[in-house]
Amino acid sequence: MSWLSNFLHPEKGYEKGQEQLDKYYDQSQGYLQPYNQYGQDAYGDLNQTMKNLLNPAQLQDEWMKNYDQSEASKYAQGDAMQHGVNAASSLGLNGSNTALNAIQGGVSRIGAEDRQSYLDQLMQKYIAGAGIAGNIFNTGANTANNMSQNANNMGTNSANMAYGKQNAQGNLFGNLVGAGAGLVGSKLGQPQTTNNWNYS
């Protein structure tokens, strides 16, 4: 009975086809959605990063709020101070402005280098993080483009299915009429023969 039902209702084939389209479309979009979401999330970080880099003075001030001199720098300053005092003492310059200025200059240089190293390291990490966010965003953008193409293709395929379903009965009827007309035509087109009966 199933084959007869399928024969008399060809539109059901289009319905089954649409079900398969829906199933695999939903699966494929579901697989892609997380990457699309990651890209959208990364956009906010990238946008803020761009704003920060366009205002480097404010960014530096913000970073310096969390600056804490490294132990290595503190040790280097103490060592420089001690060597400077010892050198000034050996030259008989204890307490002289020249010696104190030289010692202070060396200590300040060590501190400035430590602050600059802190900022350089932060910037390297910041740029590396921005690069990672950029890669994630690009992956999300490409994924969104693929999802859009999938949606367009799905729309085209579904429209074709709907059109086929709508016209399936009419096509079946037309094919049956055409087949019947073809059979009748082929019979009519055959040469007619007469039977000569011999009754003798």
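Residues numbered from 1 in each chain as written. Predicted model: local features only at pLDDT ≥ 70, side-chain atom pairs only at ≥ 80, totals over all residues. Heavy atoms only, no water.

A. Looking closely at the confidence of the model for the chain. Residues with a pLDDT of 70 or more make up 65% of the chain, whose mean pLDDT is 74. Taken together, the stretch residues 170-189 has pLDDT below 50 and engages in 5 contacts with residues farther than four places along the chain or on a different chain. (pLDDT = per-residue confidence, 0-100. Contact = heavy atoms within 4.5 Å.)

B. Summary view of the pattern of salt bridges. Tallied over the full model, the rule gives 3 salt bridges. Residues Glu-62 and Lys-65 are paired through a salt bridge, measuring 3.4 Å at the closest nitrogen-oxygen approach. Judged by relative accessible area, which is 43%, Glu-62 ranks as partly exposed. Judged by its relative accessible area of 63%, Lys-65 falls in the exposed class. (Salt bridge = Lys/Arg side-chain N within 4 Å of Asp/Glu carboxyl O. Buried < 20%, exposed > 50% of the residue type's maximum accessible area, 1.4 Å probe, protein only.)

C. Spatial organisation of the packing of aromatic side chains. A full pass over the atoms with the stated rule returns 3 aromatic pairs. Note on Trp-63 and Tyr-126: the rings are 5.4 Å apart at their centroids and 75° apart in plane angle, and the pair reads as edge-to-face. A residue pair is termed long-range when its members are at least 10 positions apart, and Trp-63 in helix H3 (residues 56-64) and Tyr-126 in helix H5 (residues 97-188) qualify at 63 residues. What makes Trp-63 buried here is its relative accessible area of 13%. (Phe/Tyr/Trp six-rings, centres within 6.5 Å; stacked < 30°, edge-to-face > 60°. Helix = DSSP H or I, 4+ residues; strand = E, 2+ residues; numbered from the N terminus.)

D. Highlighting the environment of Asn-36. Structurally, the position occupied by Asn-36 is in helix H2 (residues 11-53). The class of Asn-36 is buried, set by a relative accessible area of 11%. For the pair Asn-36 and Phe-137, spaced 101 residues apart in sequence, the C-alpha to C-alpha distance is 8.5 Å. Look past the residues within four positions of Asn-36 in its chain and what remains in contact with it is Gly-140, Thr-143, Ala-144 and Met-147.

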